[in-house]
Amino acid sequence: MKNTLEITDLYAGIKEGKEILRGISLKIKKGEIHAIMGPNGGGKSTLAQVLMGHPDYVVTKGTIVLNGVDITKMTPDQRAKQGLFLGFQYPVEITGVNFGNFLRMAVNEKFQDRHSGHTPRGTGASTTVLKKLSPIAFRNTVAPIAKQLGFGEEIVKRFLNQGFSGGEKKKAEILQLAMLKPDFAILDEPDSGLDVDALRYIGKAITTLDYPFGLVLITHYQRILHYIKPQFVHIVVNGKIVKSGGADIAAHLEEHGYDWITKDKVTA
């Protein structure tokens, strides 16, 4: 189905290790925000990694379908070209890789590929050639987004995440999201380690993006949900979605913690 990310009866775990996800089913449509919450060790971050195709995890059952295309066996780069984005919980530093060049090349690669009609599977589609974003055009495009996130113009001259504070790394992930314009984005704890100002910058940047996309927001706490308001909240415990509902669930968790929902689910 177009404009949909659909996860059906997904079981997955570490290769030659224990099963972590145990039957996750979820449908996200473009324009929707789904918050994934739950206690530590419940499988939230594993879900993010599995959706993006991390090679350390293996899917033993179920499917992941993006815009009508089964991406369950695709590599991470193929999934990205299909329109999926993952914002990492712990972005890594890459010495020697210029952030601006990295991001410009990623944008050009993605849009050249998608607008030419080519897919990772090779469909014999048209080979329309699009003009690549020049360094000057890129800087003009990225500058207002970077400013909204509290970055100065020098951000594109720095090495990728090198010397960035925790907050800068998370904001750099959102800058990539804004430039790449995926159909669906998964943000794995974008609020961890952030102060109030950085959290506000991220919330405003995401909510003011001027194109429709589906968002899966993984978080422990309600505080980011004051800035990014989900229509749906799902609680994951022991690799299963044990409760789904509206934003009121997050407010209840803020007041009462997870005990009320885990006491009968931990041994499930």
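Residues numbered from 1 in each chain as written. Predicted model: local features only at pLDDT ≥ 70, side-chain atom pairs only at ≥ 80, totals over all residues. Heavy atoms only, no water.

Before going further, it helps to examine the overall build of the protein chain. Helix and strand counts for the protein chain stand at eight helices and 12 strands. The globule rule puts the C-alpha radius of gyration for 268 residues at 18 Å, and the 19 Å found for the protein chain is close to it. With the C-alpha coordinates aligned to their principal axes, the bounding extent of the protein chain is approximately 55 × 45 × 35 Å. When the 268 residues of the protein chain are sorted by exposure, 46% land in the buried category. Of the contacts formed within the protein chain by residues at least 6 apart in sequence, a portion of 72% connects residues at least 24 apart. For the protein chain, the exposed surface amounts to about 13,100 Å²; the carbon and sulfur share of it is 53%. In the protein chain, 34 positive and 27 negative side-chain charges are present, and the distance between their average locations comes to 5 Å. (Helix = DSSP H or I, 4+ residues; strand = E, 2+ residues; numbered from the N terminus. Rg over C-alpha atoms; globule rule 2.2 N^0.38 Å. Buried < 20%, exposed > 50% of the residue type's maximum accessible area, 1.4 Å probe, protein only. Contact = heavy atoms within 4.5 Å. Areas by Shrake-Rupley, 256 points an atom, 1.4 Å probe, with all protein chains shown as cover. Lys, Arg positive; Asp, Glu negative; His and termini not counted. Charge placed at Lys NZ, Arg CZ, Asp CG, Glu CD.)

Glancing now at helix 5 (residues 166-180). Every α-helical turn comprises 3.6 residues, leaving residues that sit three or four positions apart pointing alike. For helix 5, built from 15 residues, the straight-helix expectation of 21 Å at 1.5 Å per residue is met to within 8% by its first-to-last C-alpha distance of 22 Å. Counting buried positions over the 15 residues of helix 5 gives 13, a clear majority of the element. Taken from the residues just after helix 5, Lys-181 is the one with a positive phi, measuring 50 degrees. (Expected span 1.5 Å × (residues − 1).)

With that settled, consider the packing of aromatic side chains. Each pair of aromatic rings is reported with the distance of its centres and the angle of its planes. Tallied over the entire structure, the rule returns two aromatic pairs. Relative to Phe-164, the ring of Phe-99 lies with its centre 6.4 Å away and its plane at 90 degrees, an arrangement referred to as edge-to-face. Taken together, the positions of Phe-99 in helix 3 (residues 99-115) and Phe-164 in the loop between strand 8 (159-160) and helix 5 put the pair 65 residues apart, joining distant regions of the chain. The same class applies to Phe-99 as to Phe-164, namely buried. Sitting over the face of the ring of Phe-151, Lys-171 holds its NZ or CZ atom 5.0 Å from the ring centroid. (Phe/Tyr/Trp six-rings, centres within 6.5 Å; stacked < 30°, edge-to-face > 60°. Lys NZ or Arg CZ within 6 Å of the ring centre and 35° of its normal.)

This next bit is on the confidence of the model for the protein chain. Per-residue confidence for the protein chain gives a mean pLDDT of 87, with 90% of residues at or over 70. Taken element by element, the predicted model of the protein chain shows its lowest mean pLDDT in helix 8 (residues 259-262) (75) and its highest in strand 5 (residues 69-70) (98). Contacts for the low-pLDDT stretch residues 118-129, under 50 throughout, to residues beyond four places or in other chains number 14 contacts. (pLDDT = per-residue confidence, 0-100.)

With that settled, the discussion passes to helix 7 (residues 248-256). For helix 7, every residue scored as buried is listed here: Ile-249, Ala-250 and Leu-253. An end-on view of helix 7 places all buried positions within 100 degrees of arc, on one side of the element. Structural note: helix 7 exposes Asp-248, Glu-254 and Glu-255 on the side pointing more than 90 degrees away from its buried face. (Arc of directions from axis to C-beta.)

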